[in-house]
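Architecture and fold: a report
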Amino acid sequence: MTTDTDTGEPTLTIDELAARAGVTVRTVRFYGTKGLLPPPVIGPRRVGHYGREHLARLALIEELQQQGMTLAAIERYLQQLPPDLDAHDLAIHRAVVASWAPDAVETVTRTELERRAGRPLGDDDVERLAAMGVVAARDDGYRVDLGLLRLGVGLLDVPLSHEAILAARTVLIEHSRAAAHELAQLFWGEVSQRAARDVKSLSAHMQPLVMQALLTTFQRSLKEELREWLHGMPEDDGSV
C-alpha cells in the first residue's frame, strides 16, 4: 500500500483492494466495467490506484447483494446516489442498507472483531464501540451488532467525546422513530383496505426508497446547518 503525496490518503493496488474487500480481482474489474466502481487513478507505470471510496463502495455493493438485490437493481441504486459521496457518506449508506435486514448480532472473538472491523482495535477503541452500543464484552468474546459495526468504526476517527456521540445517537433515535411513526400512519391510510400480499409488496418496495430519501434529505440539511454555523464563526485574523 502506498500513500498519495498530495492528499496523504493511502492508495491500494487492485490486488490490495480486492484483499481488503474480501472479493476477487476479477470481481473488482467486473464492477468497474459495469460502472458500479469508479475508475482508479492511474499512476506511474500505468498502475491503477484505489482509495477509501472504492473500498467503501465495494462494502456497500456487498451489503446490497446480501439484501437480495440483483445487479441491475444495485446499478440503479448507485446511479441515484449523489456523485460527490466520500468514504464516510458511503459508509453511512451501507449502515442504512444494513438496517433493512433483521438484526444481525453475533458473538465473536477479539481477532474476528478486528477482522470484521477491517482494522486493529485498541482497548480504547473497543470501549468507545461499547459506549455506542455496537459491542458488548462477554465471557466468551464480544457480542457485536454487525449492522452498526462499520458505522461505529468510522466514528472512532471522529474527534468527539463519548458524551457527544451518545447524545447524537439519542437525538437520531428519537427523531427517526417519530418520522417512522408518522410515515407508517400515512402509508397505513393508503393500504389498510388492501390484501396482506399487496401490503407486504408495497412495504418491500417503499422501505429502501424511503430510507434513501430520508438519508439524502438529512445529508443536505446537515450540510446547510454546518455551512450556516461556519459562516457565523468569527474569522481568524492570524493574531496570536
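See the structure above.
Description of the structure in this document. (Residues numbered from 1 in each chain as written. Predicted model: local features only at pLDDT ≥ 70, side-chain atom pairs only at ≥ 80, totals over all residues. Heavy atoms only, no water.)

Right, let's talk about the packing of helix α1 (residues 14–21) against helix α2 (residues 25–34) for a bit. One can describe the packing of α1 onto α2 by two numbers: an axis separation of 8 Å at closest approach and a directional angle of 100°. By the criterion of interaxial angle, the relationship of α1 to α2 is roughly perpendicular. In this structure, α1 uses I14, D15, L17 and A18 to contact α2, whose residues at the interface are V25, V28 and R29. Partitioned by chemical class, the residues of the contact of α1 with α2 number five nonpolar, no polar and two charged. (Axes fitted to C-alpha atoms, helices over the stretch in contact; angles between N-to-C directions. Helix = DSSP H or I, 4+ residues; strand = E, 2+ residues; numbered from the N terminus. Parallel < 35°, antiparallel > 145°, perpendicular 65-115°, else oblique. Contact = heavy atoms within 4.5 Å. Nonpolar A, V, L, I, M, F, W, Y, C, P; charged D, E, K, R; others polar.)

In this section: the packing of aromatic side chains. Here the structure, examined in full by the defined rule, presents one aromatic pair. Aromatic side chains F30 and Y31 sit 6.2 Å apart centroid to centroid with 50° between the ring planes, which places their arrangement in the tilted category. Given the relative accessible area of 40%, F30 is considered partly exposed. Residue classification places Y31 among the buried positions, given a relative accessible area of 6%. (Phe/Tyr/Trp six-rings, centres within 6.5 Å; stacked < 30°, edge-to-face > 60°. Buried < 20%, exposed > 50% of the residue type's maximum accessible area, 1.4 Å probe, protein only.)

Below, the discussion takes up the packing of α1 against helix α3 (residues 52–66). Any two packed helices are characterised by the angle at which their axes cross and by the distance between the axes. For the pair α1 and α3, the least separation of the axes is 10 Å and the interaxial angle reads 40°. Classified by the interaxial angle, the pair formed by α1 and α3 is oblique. The element α1 and its partner α3 pack so that their crossing is right-handed. For the pair α1 and α3, contact is made by L17, R20 and A21 and by H54, L55 and L58, respectively. (Left-handed = near helix turned anticlockwise from the far one by under 90°.)

Time to look at the pattern of salt bridges. Applying the stated rule across the entire model yields five salt bridges. A salt bridge links E114 to R110; the nearest nitrogen and oxygen atoms lie 3.6 Å apart. Taken together, the positions of E114 and R110, both in helix α6 (residues 110–117) and four residues apart, correspond to about one turn of that helix. One salt bridge in this structure joins E112 and R116, with 2.7 Å as the shortest N-O distance. Taken as a pair, E112 and R116 lie in helix α6 at a separation of four residues, close to a single helical turn. (Salt bridge = Lys/Arg side-chain N within 4 Å of Asp/Glu carboxyl O.)

Attention now goes to the pairing of strand β7 (residues 141–145). The sheet contact formed by strand β5 (residues 105–108) and β7 spans four bridges and is antiparallel. Note on β7: the bridge partner recorded for V105 is D145. Here strand β6 (residues 135–138) runs beside β7; their pairing, made up of four bridges, is antiparallel. For A136, the partnering residue across the bridge sits in β7 and is R143. The hairpin formed by β6 and β7 contains two residues between the paired strands. (Pairing = 2+ DSSP bridges.)

Here we take up the nonpolar core. Counting 23 residues, the largest nonpolar core has L17, V28, L58, L60, L78 and L81 as its most contacted members. For this core, the secondary-structure elements that each account for two or more residues are α1, α2, α3, α4 (71–79) and α5 (87–98). If one sorts the elements of this core by residue count, α3 sits on top with six residues. The contact partners of L17, leaving out residues within four places of it in the chain, are L12, V28, L37, Y50, H54, L55 and L58. V108, L129, L149 and I165 belong to the second-largest nonpolar core, a separate cluster that totals 15 residues. (Core = buried A, V, L, I, M, F, W, Y, C linked by side-chain atoms within 4.5 Å.)

Before going further, it helps to spend a moment on the sheet that holds β6. The three strands are arranged β5-β7-β6 in an open sheet whose pairing can be described as antiparallel. Each edge of the open sheet carries a strand with a single partner, namely β5 and β6. Averaged over all neighbouring strand pairs, the angle between strand axes comes to 20°, with direction disregarded. Each of β5, β6 and β7 is contacted by α6, which is oriented at about 130° to β5, the strand it contacts most.

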